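Structural features, examined
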Amino acid sequence: MRALIPLLAIALSLSACGSVPQSHERQPLHRNTWGLSPRPDVQQCLADLGRGKAAFTPVPDTYYGAGCATLGTVKLASIRGDQSQLGVSNLGPVACPLADSFAAWARFGVDRAARQILGSPLVRIETMGSYNCRSVAGSDRLSAHAKADAIDVSGFTLADGRRITIQGQWNAGTEQERAFLRVIHTSACKRFGTVLGPAYNAAHQNHLHLELSGQSYCR
């Protein structure tokens, strides 16, 4: 099939994750907008995500060149907490399996920890984005972000108006705030293959990097 007229690539400007930006404005080489059915595994993932009451829109498969692509991805509008929908900010396309794990972590790991430790439900998760065509700093290996397989989480807004951020409260927060952040970090390590936070290096002082790939690499 002939490629459709390229659209502007979805490229989010991420400030950390120890990686070097590559072609943030790269034009897509090919985009599947013919309405073809997704692969069976993606169909199953979309069904699972829907059963979890996440609000999302499937994103057309797009190839950007240089190994960068967004395949089988979704755009999350909100995810379900125990009592209400949770907003998500600044999040671009996310690989469906990652979105599904992220939604479960938000509900069972973050929302419940917020209520139990901080005494208030979660209303929003702040992120620094997902997809970005770039390589890992100091190597020619593509970052997981280059295939929308990673999310950088920077903070949380609670129903009582408090805002808890990785940068602000990881070390300098109250005892309860620090406990909350460490509990959700530990919870993330049980759901994602790679979790990188402030204890990993200076580039992660302001966020938690979450990706499915890896073998329980938790820092």
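Here, every reference points to the structure presented above.
Bear in mind that the values here come from a model prediction, so they are computed numbers and not experimental data.

The rules behind the values
- Residues numbered from 1 in each chain as written.
- Predicted model: local features only at pLDDT ≥ 70, side-chain atom pairs only at ≥ 80, totals over all residues.
- Heavy atoms only, no water.
- Axes fitted to C-alpha atoms, helices over the stretch in contact; angles between N-to-C directions.
- Helix = DSSP H or I, 4+ residues; strand = E, 2+ residues; numbered from the N terminus.
- Parallel < 35°, antiparallel > 145°, perpendicular 65-115°, else oblique.
- Left-handed = near helix turned anticlockwise from the far one by under 90°.
- Contact = heavy atoms within 4.5 Å.
- Buried < 20%, exposed > 50% of the residue type's maximum accessible area, 1.4 Å probe, protein only.

1. Considerations on the packing of helix H2 (residues 96-118) against helix H4 (residues 175-189)
At a minimum axis separation of 10 Å, H2 and H4 run at an interaxial angle of 160 degrees. In terms of orientation, H2 lies roughly antiparallel with respect to H4. Crossing hand, H2 versus H4: right-handed. Facing H2, whose interface residues are Trp-105, Gly-109, Val-110, Ala-113, Ala-114, Ile-117 and Leu-118, H4 presents Gln-176, Glu-177, Ala-179, Phe-180, Val-183, Ile-184, Ser-187 and Ala-188.

2. What to know about unusual backbone geometry
Even without being glycine, Lys-53 reaches a positive phi, approximately 65 degrees. For Lys-53, the position within the fold is in the loop between helix H1 (40-51) and strand E3 (55-59). Exposure remark for Lys-53: the relative accessible area of 55% places this residue in the exposed category. Despite not being glycine, Ala-66 shows a phi value in the positive range, around 60 degrees. Inspection of the secondary structure assignment puts Ala-66 in the loop between strand E4 (62-65) and strand E5 (68-70).

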